[in-house]
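Topology and contacts: notes
Now for the letters of each chain:
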Amino acid sequence: MFDHMKLLRCFSFTASRDWFFRQSFANAGLRSVVTDLSHGNSIASATMHCWIPKSPNRSKPNLLLLHGFGANAMWQYGEHLRAFTGRFNVYVPDLLFFGLSSTSEQNRTESFQARCLMRLMEAHGVHRMSIVGISYGGFVGYSLAAQFPEKVEKLVLCCAGVCLEEKDMEDGLFKVPNLEEATGILIPQTPEKLKELIRFSFVKPMKGVPSFFLWDFIDVMCTEFVEEKRDLIKSILKDRRLSDLPRIKQKSLVIWGEEDQIFPLELGYRLKRHIGENAEIVVIKKAGHAVNLEKSKEFLKHLKSFLIDSL
């Protein structure tokens, strides 16, 4: 019997693709930096990794790109990066408990993530920025905009169920019956769960991916900080009520895949209503939760028209 694990040890497709993204980020004028955020602060130790401009141009606006669960930030923004590096100083961090970012602090809320991110940006001399947040990154981006209104110019929220409520789970809004099932899919530890995540994320998922590729992806992308990531998901849902969510004033673009099975489109309309007249919503047809990957060109077109054409 041919040993798939032997092949994996010799060649990891996931690690190779990750290396390719690293090269493309470096070629786009970014460099990889890990920053210690705990110095001189009362916060327990925290370090955050971020791709930052090699030579930032202070006359350009700043753009912060925030990833969701799944593969790391490079995979989620790799196809879109070059569209923005000419016009913006672009920053692409790993959120806490992703990639090279972590903390010994026990706080798992998106508002804590946002405060750490703001400290990171200030450490790099960035005091005003626009933000794109995909899924979980949208929760953190929304919190940044709410906590630091004078620092955030424009906000793009992509398939970010910021307006969900804890009771939505009991009311059957989601395809999964409970939180345990949701975390098992969002932080897959077996090929079966990863296949489920792919089915939930794409309208037309790839079929017939060999299980050793799936194991390889899990091994490289999904085995670190598993408990901490589960806590991040639990923290999003716990006691969440729309009436507690602050309203933001920034000009906002809400982008949603029409067939999103993780955060149903109803949450996109709810978010548009909650922000009010400062928000516009774009619904992309034949796209699911991974709209940034599934309809990459259309996603980019809306980002550019919102972030660049109105500069």
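Residues numbered from 1 in each chain as written. Predicted model: local features only at pLDDT ≥ 70, side-chain atom pairs only at ≥ 80, totals over all residues. Heavy atoms only, no water.

Looking up the chain in an unreviewed UniProt entry gives the name AB hydrolase-1 domain-containing protein, with the organism given as Brassica napus.

Take unusual backbone geometry next. In this structure, F225 is a non-glycine residue whose phi angle is positive, near 55 degrees. A positive phi angle is found at K286, which is not glycine, with a value near 55 degrees. With respect to the secondary-structure elements, K286 resides in the loop between β9 (279-284) and α13 (291-294). (Helix = DSSP H or I, 4+ residues; strand = E, 2+ residues; numbered from the N terminus.)

This paragraph deals with the layout of surface pockets. Put simply, the second largest pocket is a space of about 370 Å³. Along its surface, the second largest pocket is lined by 19 residues, and N72, G99, L100, V220 and M221 are the ones closest to its centre. Breaking the lining of the second largest pocket down by element, the ones donating at least two residues are α2 (13-27), β2 (46-53), α3 (73-77) and α10 (211-221). Per-class residue counts for the lining of the second largest pocket are nine nonpolar, five polar and five charged. (1 Å grid on protein atoms, 1.4 Å probe; cavity = no way out; pocket = protein on both sides within 12 Å on 5 of 7 lines; lining within 4 Å. Points joined across faces, edges and corners; volume = space filled by probe spheres on them. Nonpolar A, V, L, I, M, F, W, Y, C, P; charged D, E, K, R; others polar.)

Next up on the list: the pairing of strand β4 (residues 89-93). A large share of β4 lies buried, amounting to five of its five residues. Alternating positions in β4 separate into two faces, N89, Y91 and P93 on one and V90 and V92 on the other, with burial throughout. As paired strands, β2 and β4 are joined by two bridges and run antiparallel to one another. Across the sheet, residue W51 finds its bridge partner in β4, namely V92. By the bridge criterion, three bridges tie strand β3 (residues 62-66) to β4 in an arrangement that is parallel. Within β4, the position partnered with L64 by the bridge is Y91. (Buried < 20%, exposed > 50% of the residue type's maximum accessible area, 1.4 Å probe, protein only. Pairing = 2+ DSSP bridges.)

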